[in-house]
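Survey of secondary and tertiary structure
Chain by chain, the residues:
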Amino acid sequence: MKRSRLITALLLSLALTACLNDRKCGRDAIDDKVEALLSQMTLTEKIGQLNQLDGYIPQLESELREGKVGSVLNCPADRVNRLQHIAVDSSRLGIPLLMGRDVIHGFKTIFPIPLAQAASFNDALVEKGARIAAEEATSAGIRHTYSPMIDVTRDPRWGRIAEGYGEDAYLTSRMGVAVVKGYQGDDLTKPNTMAATAKHFAGYGMTESGRDYNICDVSEATLHDYIFPPFKAVADAGAATFMAAFNEVNGVPASGSKRLLNDVLRGEWGWRGMVISDYYSIEQMRIQGYVETLDEAAAVAVNAGMDMDMMSRVYYPNLLELVKNGTVKESVIDDAVRNVLRLKFKLGLFENPYLDENRAASVLYAPEHLQAAREIATESCVLLKNDNNVLPLADNVQSVAVIGPMANAPVEQLGTWCFDGEPDHCVTPLKAITDEYGERLKINYVPGLAYSRDKNENDFSAAVSAARKSDVVLLFVGEEAILSGEAKCRADLNLPGAQGKLVEEVAKAGKPVVLVVMAGRPLTIGKEVEKSAAVLYAFHGGTMAGPALADLLFGKVSPSGKLPVTFPKMVGQIPIYYNQKQTGRPPHDPVLLDDIPLEAKQTSLGFTSYWLDAGVDPLYPFGYGLSYTTFEYTKIQFSSPTMTLKDGRITIFCEVTNKGNRAAKETAQLYIQDIAATMTRPVKELKGYEKVSIEPGETAVVSFDITPDMLAFYHEDGKTYAEPGRFRAWIAPSSSLQGAVEGEFEIKD
Ligand code: BGC
């Protein structure tokens, strides 16, 4: 052992002994170890810890030996131990590497895309999926994932809507916390846990016009009331790392924003984790016109509180000179290094840097993982329409036509962000239906189109005749995986290619059409909905999408998903979201384009807020989703009609009864409206939800606690607090409030 490494070991063990004698063991113990190590580091080694490089670059090993790399992105599993040995055995201080990769919705066993998982409104199931993702990913040496993406968005044109949890800050917060808990488990030192990353801090989801990497121009109120809350929630839940966003927020790139990274995150929220940049985002501040040189970019970022440079190679070597010439204080570098080292200690990397290469065989695609993927995929589908109860398919159905480019497209059902998922392991809807029902059913399969963008209609007549000779048509349409995700934005949200035409032609066969949409975002499918008897929105459901869909179509399980985002009728309605502010001229008997008489007088249509060609409603509202049974909401009660601003609490209850003859799950949603306040408030906001299983004829009681802090909002004085006054509350099956029970309460000063 080299002399310096012996000293490191000695200092660390002294720190540990001190900790054992110290009643305040835990975080303090790690801080002591960090200080002991930091005190021995040269400036080069310190900056090296802030430098992340790609696992594939040729010079990586020599840079590692020189202590110039702190983290590796995308290291192949069979290289992990080799690189760790170099870092631990051949660098002067033997500091292990942090291995990072994007594990977004599963590693090998792929779960539905995050947007779909949000539709489950099932925190426990989402946490379980993240736990499994961590089990699998850590078996390949990954201890840091760049997930969850908790960027609230109101724009389905934005491709990354697939990677987040939709339009609502409350739902996104709960999903984000569930995912963090799943990845990190109860003890980050365990080798089957990985550090989560809350990304992209902040405002990335509000990208102007739904075009990726575009600017974000938002009010302080939007920033505080919608963009920050999910980040605050996961910070409080112990998310180990944050990633700064590519975008600027009101003129300042997030990667150089002292306000965001230092003042808000570490100051106001008291969070003590590590911040990593986005890919090249430090360097990109130059292209954004925020700095002129790479030196400036490095200085601005590190001074703002950015700890680790993902791939820019801007920190190393530029920071060396910047410290020497006094532009950056060494104490700033020290703080960043502390955050990196603290994470490595927390992950137990110093004690156990190596990968147990035998673990993967028993972990990847374990039967219980596939079962969980099936369960989550089932709960992630949303039943949008079900005329004449065409679903579930009745026992007397003897033949089905399976049509459409997504019916048997393993790669496409995986969705975006699947570096590691393997199409060979995917079970497609066609395969699942054939395997499970092929013996009793005649299955007439014709894809109709080869892929979602295909415009070749040659196969349409075969598709129509398959429909004619079948009792029911199962028509699988949607988007290929490559059409959503990072940098995959669309200005037209119709079904791509000739799919719209395919639906039209197949519907002409006169058989009930069950439309299954497998996509990475809400699509404007109004016309196709009209032509279908039933519509199941499945998003991209991952490895087990097929069996999950078979379970739903044939009624083994009743659909229970609810939309995590508003579905527009037309792109021109965007942004359209459920918790908008009230206009002073709400729509009132809107006259639509086709109903306007010729030469109508200018004032004859009234002056209210709507689109002549789209009315005011979306295609489907947030929170909407049908079941194979019906639920009745009754008997709302409040534990008290009033509460005080200080320490008040009211519990709201209601009964939900399953009126049908099937057991099913229902998500009861609590919406609240602040009737009048010193700043205008949204027409309603989701403040709670509970997913309950209810047997036929049975009644469940759902209850929600409300406290004033849940009703706080950002004020012009820069502070966030609740106000006294009257509030309206609904417990509802969706944000449309149809079928809701309603009441009022008051907050007194
Ligand atoms: C994305 C991040 C991702 C990173 C690393 C970037 O382009 O914006 O979300 O984690 O790449 O792959």
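Keep in mind that what you see is a predicted model, and the values were worked out from it rather than measured.

As for the site of the ligand
- Taken together, Asp102, Tyr146, Arg160, Lys199, His200, Met243, Phe246, Asp278, Tyr279, Met310, Trp417 and Glu486 make up the full set of residues near the ligand.
- Here an oxygen atom of the ligand sits 2.4 Å away from a polar atom, N or O, in the side chain of Asp102.
- A distance of 2.7 Å separates an oxygen atom of the ligand from a polar atom in the side chain of Lys199.
- In terms of residue class, the shell around the ligand is built from six nonpolar, one polar and five charged.

Some points on the nonpolar core
- Within the largest apolar cluster, 111 residues are counted, with the highest numbers of intra-cluster contacts made by Phe201, Phe242, Trp269, Tyr315, Leu319 and Ile333.
- Ignoring sequence-local partners within four residues, the contact set of Tyr315 consists of Ile47, Leu50, Ile282, Ala298, Ala301, Val302, Met306, Asp307, Met308 and Asp309.

Looking at the packing of helix 7 (residues 123-138) against helix 16 (residues 367-379)
- Where helix 7 contacts helix 16, the axes come no closer than 10 Å and their chain directions differ by 145°. Relative to helix 16, helix 7 is oriented so that their crossing is left-handed. Judged by residue contacts, Leu125, Lys128, Gly129, Ile132, Glu135 and Glu136 of helix 7 engage Glu368, His369, Ala372, Glu375, Ile376 and Glu379 from helix 16.
- Among the residues forming the contact of helix 7 with helix 16, the class breakdown is four nonpolar, two polar and six charged.

Description of the pattern of salt bridges
- Across all of its chains, the model carries 51 salt bridges by this definition.
- Between Arg82 and Glu61 there is a salt bridge whose closest N-O contact spans 2.7 Å. Of this pair, Arg82 sits in helix 5 (residues 77-90) while Glu61 sits in helix 4 (residues 60-65), placing them 21 residues apart in sequence.
- On the accessibility criterion, Glu61 (15% relative accessible area) is buried.
- Its salt-bridge partner being Arg160, residue Glu486 comes within 3.6 Å of it at the nearest N-O pair. Of this pair, Glu486 sits in the loop between strand 14 (472-478) and helix 20 (499-507) while Arg160 sits in the loop between strand 4 (144-145) and helix 8 (169-184), and the two are 326 residues apart along the sequence.
- Residue Glu486 is classed as partly exposed on the basis of its relative accessible area, which comes to 21%.

Looking at helix 22 (residues 545-553)
- Counting buried positions along helix 22 yields nine of nine residues, so the element is predominantly enclosed.
- Turning to helix 22, its buried residues number three or more, namely Ala545, Gly546, Pro547, Ala548, Leu549, Ala550, Asp551, Leu552 and Leu553.
- Contact partners of the buried residues in helix 22: helix 16, helix 17 (410-414), helix 18 (429-437), strand 14, strand 15 (513-518) and strand 16 (534-537).
- Immediately beyond the C-terminal end of helix 22, within one or two residues, lies Gly555, with a positive phi of roughly 80°.

Regarding the pairing of strand 14
- With seven of seven residues buried, strand 14 is to be regarded as a mostly interior element.
- Neither face of strand 14 is exposed, since Val472, Leu474, Phe476 and Gly478 on one face and Val473, Leu475 and Val477 on the opposite face are all buried.
- Looking at chain direction, strand 12 (residues 399-403) and strand 14 are connected through four bridges and run parallel. Looking across to strand 14, one finds that Ala401 is bridged to Val473.
- Taken together, the six bridges between strand 14 and strand 15 define a ladder with parallel strand orientation.

Quick word on the domain arrangement of the protein
- As assigned here, the protein comprises domain 1 (375-553) and domain 2 (631-748).
- Taking only C-alpha atoms into account, the centre of domain 1 sits 36 Å from that of domain 2.

Examining the packing of helix 18 against helix 22
- Two numbers describe how helix 18 lies on helix 22: the axes approach to 7 Å, and their chain directions differ by 55°. As judged from the angle between their axes, helix 18 and helix 22 are oblique. When you trace helix 18 past helix 22, the crossing you get is right-handed. Counting all contacts with helix 18, which are made through Pro429, Ala432, Ile433, Glu436 and Tyr437, the residues of helix 22 involved are Gly546, Pro547, Leu549, Ala550, Asp551 and Leu553.
- Residue classes in the contact of helix 18 with helix 22 are distributed as eight nonpolar, one polar and two charged.

Quick word on the environment of Glu127
- In this fold, Glu127 is placed in helix 7.
- For Glu127, a relative accessible area of 29% corresponds to the partly exposed category.
- On a C-alpha basis, the gap between Glu127 and Lys181 in space is 6.5 Å, while along the polypeptide they are 54 residues apart.
- Discounting chain neighbours no more than four positions away, the residues touching Glu127 are Ala178, Lys181 and Gly182.

What to know about the packing of aromatic side chains
- As enumerated under the stated definition, the model contains 24 aromatic pairs in all.
- Look at Tyr204 and Phe246: their rings are 6.1 Å apart centre to centre, the planes differ by 65°, and that puts the pair in the edge-to-face class. Of this pair, Tyr204 sits in the loop between strand 5 (197-201) and helix 9 (220-236) while Phe246 sits in the loop between strand 6 (241-244) and strand 7 (248-249), placing them 42 residues apart in sequence.
- Judged by relative accessible area, Tyr204 falls into the buried class, the value being 1%.
- Of the residues examined, Phe246 reaches a relative accessible area of 7% and is grouped as buried.
- Sitting over the ring of Phe713, Arg681 keeps its end group 3.9 Å from the ring centre.

A few points about the pairing of strand 22 (residues 699-706)
- Across the two faces of strand 22 the burial differs, with Ala700, Val702, Phe704 and Ile706 buried and Thr699, Val701, Ser703 and Asp705 not buried at all.
- Bridging between strand 19 (residues 650-658) and strand 22 involves eight bridges; their strand directions are antiparallel. Looking at strand 22, one finds that Ile652 is bridged to Phe704.

Some points on the sheet that holds strand 10 (residues 309-310)
- With respect to topology, five strands assemble into an open sheet ordered 4-3-2-1-10, the strand pairing being parallel. In the strand order of this sheet, the two ends are held by strand 4 and strand 10, each with one partner.
- The sheet contact formed by strand 1 (residues 51-54) and strand 2 (residues 71-73) spans three bridges and is parallel. From the neighbouring strand, Leu53 faces strand 2, where its bridge partner is Val72.

Quick word on the environment of Leu64
- Relative to the assigned elements, Leu64 resides in helix 4.
- By relative accessible area, which is 2% here, Leu64 ends up buried.
- Along the chain, Leu64 and Ser461 lie 397 residues apart, while their C-alpha atoms are 61 Å from each other.
- Sequence-distant contacts of Leu64, defined by excluding residues within four places in its chain, comprise Val69, Leu83, Ile86, Ala87, Ser91 and Leu97.

Parameters and conventions
- Residues numbered from 1 in each chain as written.
- Predicted model: local features only at pLDDT ≥ 70, side-chain atom pairs only at ≥ 80, totals over all residues.
- Heavy atoms only, no water.
- Near = heavy atom within 4 Å.
- Polar contact = N/O pair within 3.5 Å; in protein donor to acceptor, adjacent residues only side chain to side chain.
- Nonpolar A, V, L, I, M, F, W, Y, C, P; charged D, E, K, R; others polar.
- Core = buried A, V, L, I, M, F, W, Y, C linked by side-chain atoms within 4.5 Å.
- Buried < 20%, exposed > 50% of the residue type's maximum accessible area, 1.4 Å probe, protein only.
- Contact = heavy atoms within 4.5 Å.
- Axes fitted to C-alpha atoms, helices over the stretch in contact; angles between N-to-C directions.
- Helix = DSSP H or I, 4+ residues; strand = E, 2+ residues; numbered from the N terminus.
- Left-handed = near helix turned anticlockwise from the far one by under 90°.
- Salt bridge = Lys/Arg side-chain N within 4 Å of Asp/Glu carboxyl O.
- Pairing = 2+ DSSP bridges.
- Domains from an automatic or database assignment.
- Parallel < 35°, antiparallel > 145°, perpendicular 65-115°, else oblique.
- Phe/Tyr/Trp six-rings, centres within 6.5 Å; stacked < 30°, edge-to-face > 60°.
- Lys NZ or Arg CZ within 6 Å of the ring centre and 35° of its normal.

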